[in-house]
Amino acid sequence: MAVWAVAALLSACATPPRSALPGEAVWSGRLSLQVDSAPPQSFSAAFDLRGAPAEGELQLTSPLGNTLATVVWTPRSAELRQGGQVTRRGNLDELTTELSGTAVPVAALFGWLRGEQGDVPGWQADLSRQAEGRITARRATPLPTAELRVVFQP
């Protein structure tokens, strides 16, 4: 799978992030994803994550503040918005699997950012530095292995 597909999933005009709704979880920082495929793939971007595992939005931006991609999901569907293109699927796992070859644990990020170890098949999150604003998650199965690193404001 192409690096841009993985990047678009986790990561074009400049669009400011929308304001948080009262009680809505909002997280910002930087993330990087490395996939040990042949050839190896890697991507990094700034992110804004808001909402909840069941319904939310992940916006990926470049160092210059340009929106690279936005992923929006509800209990009924998930869509990737990249430039003028929109890719829709039935749920977030289906969308991420199609784009990256495996379900990327976007919904699990909410718990990991709060320091909660969640059960995500194939993924193991290291939350030992969560209080410092650093999380690492590794995927052992299915192959290829992958590593997700997140730096955020705790």
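Residues numbered from 1 in each chain as written. Predicted model: local features only at pLDDT ≥ 70, side-chain atom pairs only at ≥ 80, totals over all residues. Heavy atoms only, no water.

**Student:** What should I look at first to understand the sheet that holds strand β6 (residues 85-89) in this one?
**Tutor:** Spatially, the nine strands line up as an open sheet ordered β6-β5-β4-β3-β2-β1-β9-β8-β7, and their pairing is antiparallel. With partners counted over all chains shown, the strands left at the sheet margins are β6 and β7 (123-126), one partner each. Sheet twist, expressed as the average angle between the axes of neighbouring strands with direction ignored, equals 20 degrees. Across four bridges, the pairing between strand β4 (residues 67-73) and strand β5 (residues 78-82) is antiparallel. Its bridge partner lying in β5, Val72 is registered against Glu79. (Pairing = 2+ DSSP bridges. Helix = DSSP H or I, 4+ residues; strand = E, 2+ residues; numbered from the N terminus. Axes fitted to C-alpha atoms, helices over the stretch in contact; angles between N-to-C directions.)

**Student:** Just to check I follow, could you spell out the confidence of the model for the protein chain for this structure?
**Tutor:** Should pLDDT be low for a region, the predicted coordinates there are not to be read in detail. Across the protein chain, pLDDT averages 83, with 82% of residues at or above 70. Predicted confidence in the protein chain is weakest over helix α1 (residues 3-10), with a mean pLDDT of 46, and strongest over strand β8 (residues 134-139), with 96. Counting interchain partners and residues more than four positions distant, the pLDDT-below-50 stretch residues 1-20 has 61 contacts. (pLDDT = per-residue confidence, 0-100. Contact = heavy atoms within 4.5 Å.)

**Student:** Looking at this structure, how should I read unusual backbone geometry?
**Tutor:** Both trends apply: most residues other than glycine have a negative phi, and most peptide bonds are in trans. Cis geometry marks the peptide bond from Ala38 to Pro39, where omega comes out at 0 degrees. Mapped onto the elements of the fold, Pro39 is located in the loop between β1 (25-35) and β2 (41-51). Pro142 follows Thr141 through a cis peptide bond whose omega is -5 degrees. With respect to the secondary-structure elements, Pro142 resides in the loop between β8 and β9 (146-152).

**Student:** Looking at this model, I keep getting lost on the pattern of salt bridges. Mind explaining?
**Tutor:** Between side chains of opposite charge, pairing is possible as soon as their charged atoms come close. What the rule picks out here adds up to six salt bridges. We note a salt bridge from Arg81 to Glu79, for which the minimum N-O separation is 2.5 Å. For Glu79, a relative accessible area of 13% translates into the label buried. With its nearest N and O atoms 2.9 Å apart, the salt bridge here joins Glu132 to Arg129. On the basis of relative accessibility, which here comes to 42%, the residue Arg129 falls in the partly exposed class. Among the charged side chains, a network of salt bridges with common partners joins Glu79, Arg81 and Arg88. (Salt bridge = Lys/Arg side-chain N within 4 Å of Asp/Glu carboxyl O. Buried < 20%, exposed > 50% of the residue type's maximum accessible area, 1.4 Å probe, protein only.)

**Student:** I would appreciate a short explanation of the pairing of β9 in the present structure.
**Tutor:** Residues in a regular strand project their side chains so that they alternate between the two faces of the sheet. Taken across its seven residues, β9 has five buried, putting it largely inside the fold. Strand direction decides the pairing type here: β1 and β9, joined by seven bridges, are antiparallel. In the strand pairing of β9, Gln34 is matched with Glu147. Note that β8 and β9 share six bridges and pair antiparallel.

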